[in-house]
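Residue-level structural notes
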Amino acid sequence: MKKLALLFAGLSLFVATGCNDDDDNDNEMEYPLVGVWQPLKEVVTTVEVGEEPVSDLITYTDCQKDSRWRFNTEAAGKRTEWGEIGTTPQCAITSDRNFTYTYDKSAKTVIVKYQGIVEPSNGKIITLNDATLNIAFREETQDPTVYKTRTFTMKRIPQ
């Protein structure tokens, strides 16, 4: 009977302290946003209290698809936007902004603070995997009865 009790205790201890590969993946997943992302499109949804939401799809041009969002491991990044400028449109950088960010993995929220801008952009991760990032940012409006959300769809670019 003592051998059976010892065997049961040993098995219980083994199960309780068994190998768990989550610890190995935590270091890789500590900053799952880390990488370079190419925006493909965005959807702007406007909600007016008491009305049906209205969504507008913005499909990016080839020039706009040259834009990049870089999330670094130091919780800092850079957003470079490309667009067509000039009377004979040429593709060029239209905006180049540094930012810091805080990512709450469990709540799937991202707070992005652009350099020189007081108000942070509060985002919600809709989809995040090895190839795709869908991130929604709520925008403040002058009218408290109107809410806007800007959702970006991006793909990961190999570094």
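By the naming in an unreviewed UniProt entry, the chain is Lipocalin-like domain-containing protein, taken from Chryseobacterium lathyri.

The next subject is the overall build of the chain. When you go through the chain residue by residue, the secondary structure sums to 2 helices and 9 strands. What you see in the chain, going N to C, is helices and strands ordered as α-α-β-β-β-β-β-β-β-β-β. Buried positions account for 25% of the 159 residues belonging to the chain. Here the contacts in the chain between residues at least 6 apart in sequence split such that 43% fall between residues at least 24 apart. For the chain, the exposed surface amounts to about 11000 Å²; the carbon and sulfur share of it is 54%.

Glancing now at the pairing of strand β2 (residues 54–59). One ladder, built from 6 bridges, connects strand β1 (residues 35–48) with β2; its direction is antiparallel. Bridging from a neighbouring strand, T46 pairs with V54 of β2.

Counting residues in hydrophobic clusters, the biggest one holds 17 residues, and the most contacted among them are L33, W69, Y101, V110 and I135. Listing elements by their share of this core, those giving two or more residues are β3 (68–71), β5 (90–104), β6 (109–114), β8 (132–139) and β9 (146–157).

The subject of this paragraph is the state of the cysteines. Under the criterion given, the structure shown has 1 disulfide. Between the sulfur atoms of C63 and its disulfide partner C91 the distance amounts to 2.0 Å. Since a negative S-S torsion denotes a left-handed disulfide, the C63-C91 link at about 100 degrees is right-handed. One end of the pair, C63, is in the loop between β2 and β3; the other, C91, is in strand β5, and 28 residues separate them in sequence. For C63, a relative accessible area of 6% gives the class buried. Judged by relative accessible area, C91 falls into the partly exposed class, the value being 35%.

Time to look at the confidence of the model for the chain. Averaged over all residues, the pLDDT of the chain is 82; the fraction at 70 or higher stands at 80%. Taken together, the stretch residues 1–31 has pLDDT below 50 and engages in 5 contacts with residues farther than four places along the chain or on a different chain.

Right, let's get into the pattern of salt bridges. Within this structure, the stated rule accounts for 5 salt bridges. The shortest N-O distance in the salt bridge between E42 and R150 comes to 2.5 Å. Taken together, the residues E42 in strand β1 and R150 in strand β9 connect sequence positions 108 residues apart. Among the residues examined, E42 registers a relative accessible area of 7% and is labelled buried. Taking relative accessible area as the criterion, R150 reaches 23% and is therefore assigned partly exposed. Within the structure, one salt-bridge network assembled from shared partners comprises E42, E139 and R150.

What counts, and at which threshold
- Residues numbered from 1 in each chain as written.
- Predicted model: local features only at pLDDT ≥ 70, side-chain atom pairs only at ≥ 80, totals over all residues.
- Heavy atoms only, no water.
- Helix = DSSP H or I, 4+ residues; strand = E, 2+ residues; numbered from the N terminus.
- Buried < 20%, exposed > 50% of the residue type's maximum accessible area, 1.4 Å probe, protein only.
- Contact = heavy atoms within 4.5 Å.
- Areas by Shrake-Rupley, 256 points an atom, 1.4 Å probe, with all protein chains shown as cover.
- Pairing = 2+ DSSP bridges.
- Core = buried A, V, L, I, M, F, W, Y, C linked by side-chain atoms within 4.5 Å.
- Disulfide = S-S within 2.5 Å.
- pLDDT = per-residue confidence, 0-100.
- Salt bridge = Lys/Arg side-chain N within 4 Å of Asp/Glu carboxyl O.

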